[in-house]
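Structure at a glance
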Amino acid sequence: AMQVSSPPPLFEGAVGLVLDYGSVYSGSGRAQLKPQLAGFVRYGRFTIHGAGGFSTRSDVDVDKGLAADVFRGAKWRATVGLRGERGRKASASPQLTGMGNVADTIRARLGFRWQLAPQWSASTGLRMDALGRVGGSVLDASVTHDWRLSPTARVSASWGISAASQSYMQAWHGITPEQAQTSGYMPFQAKAGLRSTGLGVTWRQDIQDGD
């Protein structure tokens, strides 16, 4: 007999704890381990999501920030959304003295996700500065593999990269003539290119069976 999958629930949510190990700020040589409270709330096509790589019980990846599905097919999904982007304070490191701050901003994101195989998925997204504070755009892409340990437990591993436009890279990694005068560094014109890469592992345990 043909098995018909049940539709996803109208309302879903999750909470958790994420341990993030990464640079103190983009481009920093110092790394730190930061615990973060994570979670999401989803109602229909709309989602509010904090830190962490969560997915819903119906295996729909959740985009960080405020997002909405604009199309959902059998193998791929398109979303639009807004997410906050933290800037950088010159006080974060003595190496940034005289460099000024990089402002906080909000970026609009257009994302796509493909289900390549039952346990493999790929996603990509383009983020643009919605407030014009930093400028530039960021393109990210990732591949994820899932292992189903039980009906209520799953482990996911992902690898992702991101690249950015010239104006974004200049804001974060370049040195203008004005910044050179106040910091003592030589002027540097950054170019568009690879911004970051990273690996992630997520373990999920549902409190009860979603069937």
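Heads up: these notes are all about the structure in this document. (Residues numbered from 1 in each chain as written. Predicted model: local features only at pLDDT ≥ 70, side-chain atom pairs only at ≥ 80, totals over all residues. Heavy atoms only, no water.)

With that settled, consider the environment of A141. Mapped onto the fold, A141 is located in strand β8 (residues 137-150). Along the primary structure A141 and W159 are separated by 18 residues, whereas in three dimensions their C-alpha atoms are 8.6 Å apart. Those residues in contact with A141, other than ones at most four positions away along the chain, are S123, T124, W159, G160 and I161. (Helix = DSSP H or I, 4+ residues; strand = E, 2+ residues; numbered from the N terminus. Contact = heavy atoms within 4.5 Å.)

Once that is clear, we can look at helix α1 (residues 166-173). Those residues of α1 that fall on the buried side of the exposure criterion are Y168, M169, Q170 and W172. On its buried face, α1 is in contact with β5 (76-85), β6 (105-117), β8, β9 (153-164) and β10 (193-205). (Buried < 20%, exposed > 50% of the residue type's maximum accessible area, 1.4 Å probe, protein only.)

What follows deals with the environment of I106. Its place among the elements puts I106 in strand β6. Look at I106 and you get partly exposed, because its relative accessible area is 35%. Here the alpha-carbon distance between I106 and D129, two residues 23 residues apart in the chain, equals 6.2 Å. Ignoring anything within four residues of it in the chain, the contact list for I106 reads L82, R83, G84, M128, D129, A130 and L131.

Turning our attention to a nonpolar patch on the surface. On the surface, V70, F71, W76, V80, L110, W114, L116, W120 and V143 cluster together to form a nonpolar patch covering roughly 800 Å² of accessible area. Mapped onto the nonpolar patch, the elements with two or more residues apiece are β4 (65-72), β5 and β6. The element contributing the most residues to the nonpolar patch is β6, with 3 residues. Mapped onto the secondary structure, L116 falls in strand β6. (Patch = residues over 30% accessible without salt bridge, like charges linked within 9 Å, V, L, I, M, F, W, Y side chains within 5 Å. Areas by Shrake-Rupley, 256 points an atom, 1.4 Å probe, with all protein chains shown as cover. Salt bridge = Lys/Arg side-chain N within 4 Å of Asp/Glu carboxyl O.)

What follows deals with the pairing of strand β3 (residues 46-49). Of the two faces of β3, only the one carrying T47 and H49 is buried; F46 and I48 on the other face are not. Where β3 meets β4, 4 bridges bridge the pair, whose relative direction is antiparallel. Each bridged residue has a counterpart across the sheet, and for I48 the counterpart in β4 is L66. (Pairing = 2+ DSSP bridges.)

By themselves, these figures tell us nothing about what the structure is for.
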